[in-house]
Amino acid sequence: MPLANHSSSMPVTVDPEKCIAAKGCTVCVDVCPLDVLAIDEARGLAYMRYDECWYCMPCEADCPTGAVKVAIPYLLR
Ligand code: SF4
Ligand code: SF4
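Residues numbered from 1 in each chain as written. Chains lettered and ligands numbered in written order. Predicted model: local features only at pLDDT ≥ 70, side-chain atom pairs only at ≥ 80, totals over all residues. Heavy atoms only, no water.

Caption draft 1: Representation of the site of ligand 1 within the structure. Not every one of the 14 residues close to ligand 1 is listed here, only the nearest: Cys19, Ile20, Cys25, Cys28 and Cys63. Its residues placed into classes, the shell around ligand 1 shows 13 nonpolar, one polar and no charged. (Near = heavy atom within 4 Å. Nonpolar A, V, L, I, M, F, W, Y, C, P; charged D, E, K, R; others polar.)

As structure tokens, this is what we get:
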């Protein structure tokens with residue numbers, strides 16, 4: 001049986017196929033007011049460093065490749 005190697009409940013996910021952090025993009029990190037996001041330099045990908053998201057959305061809106069997806073909890077919609 002395959003096992004998930006990461007939490008599926010992370011509110012912010014980054015599509016590794018789309019993220020261009022390896023080319024120097026840091027837009028999502030720069031726009032996040034809470035410094036929730038960071039760049040994993042080894043993998044060349046943005047990732048969620050702290051689960052403290054406020055669902056303010058600029059990371060998803062401003063990512064130039066549409067790699068960021070913010071899953072807003074049902075109760076906040
Ligand atoms: S803004 Fe998008 S492409 Fe740029 S580092 Fe963040 S997730 Fe990757
Ligand atoms: S939704 Fe807002 S708080 Fe959450 S990761 Fe994106 S910019 Fe940061």
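Caption draft 2: Geometry of the pairing of strand 3 (residues 45–48). Sheet analysis places strand 2 (residues 37–40) next to strand 3, joined by four bridges and oriented antiparallel. Its bridge partner being in strand 3, Leu37 is matched across the sheet by Met48. Hairpin connection from strand 2 to strand 3: four residues lie between these consecutive antiparallel strands, with Gly44 at a positive phi of about 70°. (Pairing = 2+ DSSP bridges. Helix = DSSP H or I, 4+ residues; strand = E, 2+ residues; numbered from the N terminus.)

Caption draft 3: Representation of the nonpolar core. With 17 residues, the main nonpolar core has Val12, Leu37 and Val68 as its most contacted residues. Secondary structure elements with two or more residues in this core: strand 2, strand 3 and strand 4 (68–70). Sorting elements by how many residues they give to this core places strand 3 first, with three residues. Among all residues touching Val68, those that are not within four sequence positions of it are Val12, Thr13, Cys28, Cys59, Glu60 and Cys63. (Core = buried A, V, L, I, M, F, W, Y, C linked by side-chain atoms within 4.5 Å. Buried < 20%, exposed > 50% of the residue type's maximum accessible area, 1.4 Å probe, protein only. Contact = heavy atoms within 4.5 Å.)

Caption draft 4: Here's a closer look at unusual backbone geometry. In this structure, Asp35 is a non-glycine residue whose phi angle is positive, near 55°. The topology assignment puts Asp35 in the loop between helix 1 (27–31) and strand 2. Of the residues examined, Asp35 reaches a relative accessible area of 44% and is grouped as partly exposed. The phi dihedral of Met57 is positive, around 85°, even though this residue is not glycine. Locating Met57 in the fold gives a position in the loop between strand 3 and helix 2 (58–62). For Met57, a relative accessible area of 22% translates into the label partly exposed.

Caption draft 5: Structural detail: the site of ligand 2. Close to ligand 2 lie Val12, Cys32, Pro33, Val36, Leu37, Cys53, Trp54, Tyr55, Cys56, Met57, Pro58 and Cys59. In terms of residue class, the shell around ligand 2 is built from 12 nonpolar, no polar and no charged.

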